[in-house]
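Structural overview for review
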Amino acid sequence: MNSSLQQESMDFDDDCSFCEMDISNQVQTEFQHAEFGDTRLTDRLVQIGDELGSSPAESIPIACENSASTKATYRFCDNESVNSNDIFASHRQAQQSRIQETDELLVVSDTTELTFPHHPAKEGLGDIGTAEMDIHGVKVHSTIGVDPQTHHMTGVIDQQSLIEDRQTGNTHDTNSNDEPIPLETRHTKWIRGDRRARAWLPEDVRPVFVHDRAADDFSLYAEIINEMDNAGFVVRAQYNRKIRTPTGEDDKLFDWSGDLPEEGRTTIDIQQAGGRNARTAELSIAAGTCDLLPTKSAPDGADPIPVNVVRIDEVGQSEDPMQWVLLTTASVEDLDEVLTVIEQYRLRWRIEDWHKALKTGCKIEERQLQTWDRMDVLLGVYSVIAWKVLELRDLARENSSADPAVLLSDAERAVLEAKFPELRGESGKAYAISVAKLGGYLDRNSDPPPGWQAMWKGLQKLRMWPEGYELGAD
């Protein structure tokens with residue numbers, strides 16, 4: 001049996017058409033439930049979301065348009081009553097409405113490094129890279145939700161800002177507190193993010209934790225299986241760890257999985273990146289079941305952990321072939337189930353897309369606040385804006401069944417429906433295409449999906465009309 005899986009990638013126009021974008025209406029709703037103990041601060045956050053969301057790639061003074069609003073934004077970030085935890089709490093509350101219809105959510109985590117080369121005097125930064133590089137910054141470990149049906153990112157669930165001191169060898173999580181919280185091991189961030197996600201999710205929504213090789217740790221698997229009700233995982237293996245096979249023999253994971261019989265093949269389109277050429281990779285698929293044996297660092301008396309294993313090997317590629325060994329709690333009894341596991345792991349790329357939106361689209365590393373405490377607040381704001389940027393791109397480019405309300409206000413949809421009556425009852429993609437058509441997109445059968453420039457022009461034109469529509473309705 002053969003199947004085809006399309007490798008997703010995020011691309012941004014070289015001319016930085018993000019500067020033209022306006023997602024302010026949608027961002028405001030993510031901040032309106034923030035509780036700082038002062039409603040004026042909540043109102044200010046909503047206004048900041050409106051202003052920065054109107055031009056995510058612009059500098060704060062340009063996005064805020066005047067000196068008074070710019071100073072108010074800086075004062076907000078410097079206010080001791082404001083922290084990123086409360087910003088994300090409001091975003092998570094708004095996110096609840098996006099997961100209420102699902103019984104399973106992919107919970108994806110990853111770490112990215114933020115460096116601030118234009119502000120070497122910024123206080124509170126840690127060490128990034130090697131000792132020879134002497135680069136200062138912050139490692140940000142984020143946890144996001146991804147709908148396994150629509151493949152859309154539901155929002156940011158958790159975020160840990162990790163400050164590393166190379167001289168002492170310590171890494172700690174600022175956690176928006178004055179006193180940093182030490183990380184016991186390099187895997188603590190993964191376990192902490194997964195715990196917080198499980199605690200936040202409703203009991204009837206099953207989390208499936210999807211992680212890359214850096215999360216490959218016996219204690220993480222034990223935590224999910226033994227301590228979290230109704231939870232599963234898909235993690236790419238990093239270590240050729242000791243296992244026990246179904247026949248009761250001790251073996252090594254990579255060696256044993258390499259001898260599993262092929263169950264089928266699939267293909268993945270790999271995009272060009274760095275020195276790698278674009279290609280369509282043909283993959284051989286195998287699956288099996290084994291027990292992970294406790295590691296030396298596991299508690300005394302720890303039991304082996306039963307896992308299912310999916311292995312894929314690229315066929316016919318001699319130079320840097322793809323090879324994944326995935327550990328999972330999901331069933332792999334037939335090829336369709338195995339393909340589902342592969343698809344779930346591939347959706348881990350959504351967090352890579354979001355990182356690009358945060359860095360390239362919102363230019364978070366170019367923000368010029370003097371201390372990390374202030375930057376941490378701004379990071380919380382732009383993290384939500386970057387999620388909305390990604391949502392907009394998805395609606396315009398993918399076969400999406402999302403509700404158009406995630407992109408457009410009631411008035412904006414009404415204006416579009418007046419111009420394109422056939423839109424009523426259609427999906428978000430149909431509305432997004434109509435917006436792009438306002439920006440010059442022709443929507444011919446031979447045309448590729450609309451680009452950012454047509455989307456932004458259409459949004460700018462559309463958002464000039466609702467005010468007149470609402471006045472006419474009154």
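I will try to describe carefully the structure that is included in this document. What you see is a predicted model; the values in this text were computed from it and never measured.

Okay, the overall build of the protein next. When helices and strands are counted, the protein shows 15 helices and 15 strands. The 474 residues of the protein split such that 53% are buried. Accessible area for the protein stands at about 21900 Å²; split by element, carbon and sulfur atoms hold 43% of it.

Turning our attention to the nonpolar core. Proteins that are soluble and globular tend to have nonpolar side chains buried together. The biggest cluster of nonpolar side chains holds 71 residues, and the ones touching the most others in it are Leu52, Trp354 and Tyr382. Among the elements that make up this core, the one with the highest residue count is helix H11 (residues 372–397) (13 residues). Setting aside residues up to four positions removed in sequence, tyrosine 382 forms contacts with Leu52, Pro56, Glu58, Ile60, Leu358, Cys362, Ile364 and Arg367. In terms of nonpolar packing, the next biggest core, distinct from the first, is built from 35 residues, Ala197, Val205, Phe218 and Ala298 among them.

Right, let's talk about a negative patch on the surface for a bit. A cluster of acidic residues, Asp103, Glu203, Asp204 and Asp229, forms a negative patch at the surface. Of note, glutamate 203 is situated in the loop between helix H6 (188–200) and strand E8 (206–211).

The next subject is helix H5 (residues 84–99). Between its first and last C-alpha atoms H5 spans 22 Å; for 16 residues at 1.5 Å apiece the expected length is 22 Å, and the two agree. Along H5, the residues that are buried comprise Ser84, Ile87, Phe88, Ser90, His91, Ala94, Gln95 and Ile99. Two or three places before asparagine 85, at the start of H5, stands the capping residue asparagine 83, its side-chain oxygen 2.9 Å from that residue's backbone nitrogen.

Bringing the side chain of glutamine 160 into the picture now. Here glutamine 160 is to be found in strand E5 (residues 153–165). Within the structure, glutamine 160 has its side chain in polar contact with the side chain of aspartate 158 (distance 3.3 Å).

Counted under the stated rule, the structure contains 18 salt bridges. The salt bridge partner of aspartate 216 is arginine 241, with a shortest N-O separation of 2.8 Å. On the criterion of sequence distance, the pair formed by aspartate 216 in the loop between E8 and helix H7 (218–227) and arginine 241 in the loop between strand E9 (232–236) and strand E10 (242–244) is long-range, its members being 25 residues apart. Take aspartate 216: its relative accessible area is 0%, and that puts it in the buried class. Here arginine 350 makes a salt bridge to aspartate 353, at a shortest N to O gap of 3.6 Å.

Our next topic: the pairing of strand E14 (residues 305–314). The element E14 is extensively covered by neighbouring structure, given that eight of its 10 residues are classed as buried. As paired strands, strand E13 (residues 279–292) and E14 are joined by 10 bridges and run antiparallel to one another. Following the sheet pairing, isoleucine 285 is matched in E14 by isoleucine 312. Summarising the sheet, E14 and strand E15 (residues 323–328) pair through six bridges and their orientation is antiparallel. Bridging across to E15, arginine 311 finds its partner in valine 325.

What counts, and at which threshold
Every chain is numbered independently, its residues counted from 1 as its sequence is written. Selection of residues for local features in this predicted model requires a pLDDT of at least 70, selection of side-chain atom pairs for listing and counting requires 80 or more, and totals for whole chains, interfaces and linings are taken over all residues. By convention in this description, side-chain values take in all heavy atoms of the structure and omit both hydrogens and water. Under the scheme used here, helices are H or I runs from DSSP no shorter than 4 residues and strands are E runs no shorter than 2 residues, and both carry numbers assigned from the N terminus. Working definition: with a 1.4 Å probe on protein chains only, accessible area under 20% of the residue-type maximum means buried, over 50% means exposed, and in between means partly exposed. Computed with the Shrake-Rupley method and a 1.4 Å probe, the accessible areas treat only the protein chains shown as cover for residues. The term nonpolar core refers to a set of buried residues drawn from Ala, Val, Leu, Ile, Met, Phe, Trp, Tyr and Cys, joined through side-chain atoms within 4.5 Å. Here, residues are in contact when the closest pair of their heavy atoms is within 4.5 Å. Patch definition: residues with relative accessible area over 30% and no salt bridge; like charges joined within 9 Å; nonpolar side chains (Val, Leu, Ile, Met, Phe, Trp, Tyr) joined within 5 Å. When a carboxyl oxygen of Asp or Glu lies within 4 Å of a side-chain nitrogen of Lys or Arg, that pair is called a salt bridge. As used throughout, the charge tally considers Lys and Arg to be positive and Asp and Glu to be negative, leaving His and the chain termini uncounted. Every charge is mapped onto a representative atom, which is NZ of Lys, CZ of Arg, CG of Asp or CD of Glu. Helix span is expected to be 1.5 Å times the residue number reduced by one. N or O atoms within 3.5 Å of each other form a polar contact, as long as, within protein, one can give a hydrogen and the other can take it, and as long as residues adjacent in sequence are counted only when both atoms are side-chain atoms. In this scheme, strands are said to pair when DSSP sees at least two bridges between them.

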